[in-house]
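# Structural characterization, general
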Amino acid sequence: MNSDFRFLDDLGPAKIIQIYEPAVGLKAFVVVDNIAAGPAIGGLRIGPDVTAEECFRLARAMTFKNAAAGLSHGGGKAVLVGDPTMPAGDKERLIRAFASAIRDLKDYVVGPDMGTNERCMAWIHDEIGRAVGLPAVLGGIPLDEIGATGYGLTAAIEAAQDFCDIRIEGARVAVQGFGAVGKHAARFLAERGAILVAASDSHGMVSASDGLDVQAVIGHKAKGESLASLPGGNADRDAILDVPCDIWIPAARPDVLTEDNVGRLKARMVAEGANIPATPGAEAALHARGVLVLPDFIANAGGVICASVEYHGGNRTMALQSIHEKLSDNTRAVLQHARDAGTPPREAAIEIAEARVRQATALRRWG
Ligand code: NAD
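For clarity, every value in this text was computed on a predicted model and none was experimentally measured. (Residues numbered from 1 in each chain as written. Predicted model: local features only at pLDDT ≥ 70, side-chain atom pairs only at ≥ 80, totals over all residues. Heavy atoms only, no water.)

### With respect to helix α3 (residues 118–128)
Within the span of α3, buried status applies to Cys120, Met121, Ala122, Trp123, Ile124 and Ile128. Buried positions along α3 lie against β3 (40–47), α2 (88–101) and β5 (108–112). In this structure asparagine 117 caps α3, since a side-chain oxygen of it lies 3.1 Å from the backbone nitrogen of arginine 119. Once α3 ends, the next one or two residues include glycine 129, with phi positive near 80 degrees. (Buried < 20%, exposed > 50% of the residue type's maximum accessible area, 1.4 Å probe, protein only. Helix = DSSP H or I, 4+ residues; strand = E, 2+ residues; numbered from the N terminus. Contact = heavy atoms within 4.5 Å. Polar contact = N/O pair within 3.5 Å; in protein donor to acceptor, adjacent residues only side chain to side chain.)

Here it is in structure tokens:
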């Protein structure tokens, strides 16, 4: 194929746009991938070395993530060349120029990503009247404050109870990464009777075989303290891999579970809060051992569902309702399909997402 068209397949992308505005030093790419289900939602990433290829791959990932979440949105992404830590005035000028450039690209709705936040989304909204991940004063739903992703993770685990012999009530849970996703997952699970036996952050971990006081741990972190300084804490953050538990929740970084360390895990379920926390080899090893893995783009979809509810003018109560409903339905559909087809849940999830995109695409005349 002509290398200019190397990203094209039967699903998209519908548009690849290069934006260049030398007067302000603006260089960006936007990829609007498949928009059969509805306008594309996807983040704006700022980085010194972002590429068109990266932008396409992230846009395609959003197509599948939105479809897997059961949202009437396609996938899109934008990357802007720059230092994410540039002075605020420079950043505002660049982002406002970027927003003006995509004014007529009505089938792409911008959300926050690496290097951008709710303030950046407010500038875009101010310029062109659309963006998600907005500040609350502009109708935004503060997803990290309400714990959207941790809440969704809990709903996914709840639904998975029908497919395994783990019950949240009394389940022993270990959470790697006690930030926006991890602490809320721990809180919602504890409210349903689970016992938090270990938690880690980038400086260390804490464990207690008879259970930690979740609110006390959250309060300790809120003071800027590391988990290592709690009673029962230590500086070896990776020791959380060795803690015997029923449910292990990665909620920190990509690729924390590899073929080399996955043998240390003593859990019966891995509920993926972080994006791609396990390498394909590690996931295969878990599946072979009978450990139920709830794949990231199903289990951590609370954030994208929240963004969609915000886009449609909903409030935080509606967001939580929608997250619960979609995460329960999607988790059940994926685990049922995995059981019927005898495949790992991730494979089943990809098949379901792709089928949804193709179904929507088949209803179009053209883009
Ligand atoms: P965060 O920055 O709020 O929290 C991350 C936590 O992980 C921090 O406590 C940090 O100390 C800890 N950490 C970092 N490296 C670690 C390590 N090696 N071992 C143990 N702990 C470590 O981030 P977040 O918003 O909670 O996101 C966590 C992950 O979930 C990321 O992969 C993110 O992409 C993904 N995710 C987040 C959301 C969301 O709604 N925030 C949605 C979907 C996916």
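### Section: the site of the ligand
Neighbouring the ligand are 20 residues, the closest being Leu143, Thr149, Ala180, Val181 and Ser202. At a separation of 2.8 Å, an oxygen atom of the ligand approaches a polar backbone atom of valine 181. Contact distances for the ligand include 3.2 Å between an oxygen atom and a side-chain N or O atom of asparagine 275. Here the ligand, which alone exposes 830 Å², has 72% of that area covered by the protein. Counting only elements with at least two residues in the shell around the ligand, the list comes to α4 (143–146), α6 (180–191) and β7 (195–201). The residue makeup of the shell around the ligand, split by class, is seven nonpolar, nine polar and four charged. (Near = heavy atom within 4 Å. Areas by Shrake-Rupley, 256 points an atom, 1.4 Å probe, with all protein chains shown as cover. Nonpolar A, V, L, I, M, F, W, Y, C, P; charged D, E, K, R; others polar.)

### Brief notes about the environment of aspartate 10
Looking at the element boundaries, aspartate 10 is found in the segment before β1 (15–21). Given a relative accessible area of 56%, aspartate 10 falls into the exposed group. Taking C-alpha positions, aspartate 10 is 37 Å from alanine 23, a pair spaced 13 residues apart along the chain. Of note is the side chain of aspartate 10, whose polar atom sits 2.6 Å from the side chain of arginine 358.

### A look at unusual backbone geometry
Here the amide bond leading from glycine 12 into proline 13 is cis, since omega sits at -5 degrees, within 30 degrees of zero. By the secondary structure assignment, proline 13 is in the segment before β1. Positive phi, normally seen in glycine, also occurs at aspartate 255, with a value near 55 degrees. Turning to its location among the elements, aspartate 255 is positioned in the loop between β10 (247–250) and β11 (269–271). Aspartate 255 gets classed as partly exposed once you look at its relative accessible area, which sits at 42%.

### Concerning the sheet that holds strand β6 (residues 172–176)
Within the open sheet, the seven strands sit side by side as β9-β8-β7-β6-β10-β11-β12. Their pairing is mixed. Sheet topology places β9 (233–234) and β12 (292–294) at the edges, where each strand pairs with a single neighbour. Sheet topology note: the β6/β7 ladder contains five bridges and is parallel. Residue pairing for β7: valine 173 is matched across the bridge by leucine 196. (Pairing = 2+ DSSP bridges.)

### Regarding the sheet that holds β1
Here we have five strands laid out as an open sheet, ordered β1-β2-β4-β3-β5, and mixed in their pairing. Edge strands, defined here as strands with exactly one partner in the open sheet, are β1 and β5. When strand polarity is set aside, the average angle formed by the axes of neighbouring strands in this sheet is 25 degrees. In terms of strand pairing, β3 meets strand β4 (residues 74–81) through six bridges, oriented parallel. (Axes fitted to C-alpha atoms, helices over the stretch in contact; angles between N-to-C directions.)

### Some details on the pattern of salt bridges
Counted under the stated rule, the structure contains 23 salt bridges. Of the charged contacts, one joins arginine 187 and glutamate 191 as a salt bridge, the two residues approaching to 3.6 Å between their closest N and O atoms. Of this pair, arginine 187 and glutamate 191 are both found in helix α6, four residues apart, which corresponds to roughly one turn of the helix. The salt bridge partner of arginine 346 is glutamate 283, with a shortest N-O separation of 2.8 Å. Here the residue arginine 346 occupies a position in helix α12 (residues 345–362), and glutamate 283 occupies one in helix α8 (residues 280–288), the gap between them amounting to 63 residues. (Salt bridge = Lys/Arg side-chain N within 4 Å of Asp/Glu carboxyl O.)

### Re the environment of glycine 115
For glycine 115, the position within the fold is in the loop between β5 and α3. For glycine 115 and arginine 187, which are 72 residues apart along the polypeptide, the C-alpha to C-alpha distance reads 28 Å. For glycine 115, the contacting residues outside a window of four places in its chain are Ile46, Pro84 and Lys91.

Take it as geometry only, folks, not as evidence of what the structure does.
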